[in-house]
Amino acid sequence: MKKLLSTVALGIAALTIGQAASADPSRTAKLVIDGTEISTHAKGMAGGPLDELYSGWLFRSDETRALQLDDFDNPAFVFVDDGETLFNKVDGSEGKSCSSCHEAGDFKGLRPVLPRWNEAKGKIYSMENYINDCRTERMGADKWKWSKPKMTSMVALISLQSRGLPINVATDGPVADIYEKGKELYYTRVGQLDMACSNCHEDNYGNMIRADHLSQGQINGFPTYRLKNAKLNSIHARFKGCMKNIRAKPYGQGSDEFQALELYVASRGNGLSVEAPSVRN
Amino acid sequence: MRSLAIASIGAAIFATSAFATEVAPDSVTFGEGGTVATSLTGVAGDPASGRKLFANRKLGNCLACHVNSELSEQQFHGEIGPSLDGVASRYDEAKLRGILVNSKMSFEDTMMPSFYRLKNGARTMKKFDGKTILTAQQLEDVLAYLKTLK
């Protein structure tokens, strides 16, 4: 907490003396898109690991943050448009498109509660699972790969319907064991560099790790357009990237392990607003 | 011709003897407080090489976590660990070597990687499995550089 406060103070100091404030994050910046404010800060759950929750948006530079203030400037919206095209496109043996059964607006409220238990399937479901079930079982079409552009574009389109709603995943009942498993993965040190997610995103958020400003590693902004690779990035692809950086063999995208981690990480952000599709560096 | 041949034989002998005295990662002896008193290689460290290793993102990458004013030409210094300015005045050689070999012997549960240890986290990528982050000589080079930070 002390570290965080001093970062804010530093940020303000840099601004007032007109230095290269662009490199500084801001804990007070407001995310207002089209006149609607999206809250980027929330109180953590009582007894939870974080007292204050902060969106990754606050940890980015002025320039990167600015790209999210207007959907016309937000490069992720090119992919939202692709998602819309795909939504209306007939594919597979049944001659159907997503729009044969749904309107995009039907999905308002879905993003905040995923991943969740799917009773009929007897397993935890991420948005990618629902999308692929519709493709294979209702459209007679092929599955999409977890993090390929068609999937991330569709996830972005559907997530956008819930922008501004608070994340609210369930962690009890049938997912209680999965939640515990995700928690264990979060705190387990892995790789040659021997680090856990918590080392960077719980113990050191607000601090620089070389040129990167560490955030809380929240997933409320996913899928995320990254300036680094100029495409939408899925939650599981980000987990994979972080594991590779510490020289650990990542779990598979869509694996039980990454779904458990997704549930646990989502729960750490319960209360933060859905911000998809966000922009990061 | 002949002198070249002699020189290369000399280098070969030197290389094998250096190898013979190198302490394997599993055989490092720790003293009081996680110190390592003897050189891992018996060959003096090269501070100029150590300085490069300190900044190199694929090797030491110490700058990822530590501020070091002596490397002010490098743009980004991390804020995870303490500043290493004047670190050689705070710790002696044996303590510094110990911190580098296995940081956990000096600082319980620290996030700092152990640079000359085989048993790290689970699921280490194949490419790095069974390997130390730095070689014994690279570690001695970094150490020689740290000793200049008075």
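Shown above is the structure to which this text applies.
Procedures and definitions
Residues numbered from 1 in each chain as written. Chains lettered and ligands numbered in written order. Predicted model: local features only at pLDDT ≥ 70, side-chain atom pairs only at ≥ 80, totals over all residues. Heavy atoms only, no water. Helix = DSSP H or I, 4+ residues; strand = E, 2+ residues; numbered from the N terminus. Rg over C-alpha atoms; globule rule 2.2 N^0.38 Å. Buried < 20%, exposed > 50% of the residue type's maximum accessible area, 1.4 Å probe, protein only. Contact = heavy atoms within 4.5 Å. Areas by Shrake-Rupley, 256 points an atom, 1.4 Å probe, with all protein chains shown as cover. Lys, Arg positive; Asp, Glu negative; His and termini not counted. Charge placed at Lys NZ, Arg CZ, Asp CG, Glu CD. Buried area = accessible area lost by both parts, 1.4 Å probe. Salt bridge = Lys/Arg side-chain N within 4 Å of Asp/Glu carboxyl O. Expected span 1.5 Å × (residues − 1). Core = buried A, V, L, I, M, F, W, Y, C linked by side-chain atoms within 4.5 Å. Phe/Tyr/Trp six-rings, centres within 6.5 Å; stacked < 30°, edge-to-face > 60°. Lys NZ or Arg CZ within 6 Å of the ring centre and 35° of its normal. Axes fitted to C-alpha atoms, helices over the stretch in contact; angles between N-to-C directions. Parallel < 35°, antiparallel > 145°, perpendicular 65-115°, else oblique. Nonpolar A, V, L, I, M, F, W, Y, C, P; charged D, E, K, R; others polar.

(A) Inspection of the overall build of chain A at higher detail. A tally of regular secondary structure across chain A gives ten helices and eleven strands. Taken over the C-alpha trace, chain A has a radius of gyration of 19 Å; the compact-globule value for 281 residues is 19 Å, and the two agree within 12%. Scored against the burial criterion, the 281 residues of chain A give a buried share of 52%. Here the analysis covers contacts within chain A between residues at least 6 apart in sequence; of these, 67% occur between residues at least 24 apart. Accessible surface, chain A as shown: approximately 12700 Å² in total, 52% of it carbon and sulfur. Taking the average place of the 35 positive charges on the side chains of chain A and the average place of its 34 negative ones, the gap between the two points comes to 6 Å.

(B) The arrangement of the overall build of chain B in detail. Helix and strand content of chain B: five helices and zero strands. Burial status across chain B gives 43% buried among its 150 residues. Across chain B, contacts joining residues at least 24 apart in sequence account for 51% of those joining residues at least 6 apart. When the accessible surface of chain B is summed, it comes to about 8400 Å², and 59% of that surface belongs to carbon and sulfur atoms.

(C) Seen up close, the interface of chain A and chain B. Taken together, the contacts link 24 residues of chain A with 28 residues of chain B. Together, the buried faces of chain A and chain B total about 2300 Å²; carbon and sulfur atoms form 53% of this surface. Contact with chain B buries area across many residues of chain A, yet Q192, R210 and R247 of chain A alone supply 39% of it, more than any other trio. Taken together, the links from chain A to chain B amount to two salt bridges. Put simply, D194 of chain A and R117 of chain B hold a salt bridge, and the shortest N to O gap is 2.9 Å.

(D) Focus on helix α5 (residues 127–138) of chain A. Residues and elements named next belong to chain A. Between its first and last C-alpha, α5 extends 16 Å over twelve residues, near the 16 Å set by a 1.5 Å rise per residue. Contacts made by the buried residues of α5 are with β6 (123–125), α6 (149–160) and α10 (256–268). Following α5 by one or two positions, G140 has its phi on the positive side, about 65 degrees.

(E) How the structure looks around the nonpolar core. Residues F54 and L146 of chain B are the most contacted members of the largest nonpolar core, which totals 58 residues. Looking at this core element by element, the count peaks at seven residues for α10 of chain A. Apart from the residues within four sequence positions on either side, F54 of chain B is in contact with G60, N61, C62, L63, N68, L71, L84, Y145 and L146 of chain B. Ranked by size, the runner-up nonpolar core spans 23 residues in total, among them F87, F107, Y225 and V279 of chain A.

(F) Local environment of the packing of aromatic side chains. Residue and element names in this part refer to chain A. A full pass over the atoms with the stated rule returns 13 aromatic pairs over all chains. Seen from their ring centres, Y54 and F59 are 6.4 Å apart, and the 75 degrees between their planes marks the pair as edge-to-face. F59 gets classed as buried once you look at its relative accessible area, which sits at 2%. Their ring planes at 50 degrees and their centres at 6.5 Å tell us that Y54 and Y205 sit as a pair that is tilted. Taken together, the residues Y54 in strand β4 (residues 52–54) and Y205 in the loop between α8 (197–201) and β7 (208–209) connect sequence positions 151 residues apart. A residue is classified by how much of its surface remains accessible, and Y54, at 8% relative accessible area, is buried. What makes Y205 buried here is its relative accessible area of 10%. Three or more aromatic residues link up through ring pairs in this structure, and these residues are Y179, Y186, Y187 and Y264. It is R27 that lies over the ring of Y54; its NZ or CZ is 5.2 Å from the centre. Sitting over the face of the ring of F59, R27 holds its NZ or CZ atom 4.4 Å from the ring centroid.

(G) Structural view of the pattern of salt bridges. The final tally for this structure, using the stated rule, is 17 salt bridges over all chains. A salt bridge links D194 of chain A to K104 of chain B; the nearest nitrogen and oxygen atoms lie 3.3 Å apart. Separated into two different chains, D194 of chain A in the loop between α7 (176–187) and α8 and K104 of chain B in the loop between α4 (93–101) and α5 (136–146) make up a pair that spans both. No difference in accessibility class separates D194 of chain A from K104 of chain B, as the two residues are buried. A salt bridge links E93 of chain B to R97 of chain B; its shortest N-O distance comes to 2.7 Å. A residue pair is termed a helical-turn pair when its members lie 3 or 4 positions apart in one helix, as E93 of chain B and R97 of chain B do in helix α4 at four residues. Under the relative-accessibility criterion, E93 of chain B is labelled partly exposed at 32%. Within this structure, R189 and D194 of chain A together with K104 and R117 of chain B form a network of salt bridges that share partners.

(H) Molecular detail of the packing of helix α9 (residues 235–245) of chain A against α10 of chain A. Residues and elements named next belong to chain A. Contact pair α9 / α10: the axes reach a minimum separation of 10 Å and the direction vectors enclose 100 degrees. When the interaxial angle is binned, α9 and α10 end up roughly perpendicular. Contacts from I235, H236, F239, K240 and M243 in α9 reach F258, Q259, L261, E262 and V265 in α10. Residue composition of the contact of α9 with α10, by class: six nonpolar, two polar and two charged.

(I) Looking closely at the packing of helix α3 (residues 77–87) of chain A against α6 of chain A. Residue and element names in this part refer to chain A. Two elements in contact, α3 and α6, have axes whose closest approach is 7 Å; the angle formed by their N-to-C orientations is 95 degrees. As judged from the angle between their axes, α3 and α6 are roughly perpendicular. In this structure, α3 contributes F77, F79, V80, D82, G83, E84, L86 and F87 to the contact, and α6 contributes K150, S153, M154, A156, L157 and L160. Residues belonging to the contact of α3 with α6 are distributed by class as follows: nine nonpolar, two polar and three charged.

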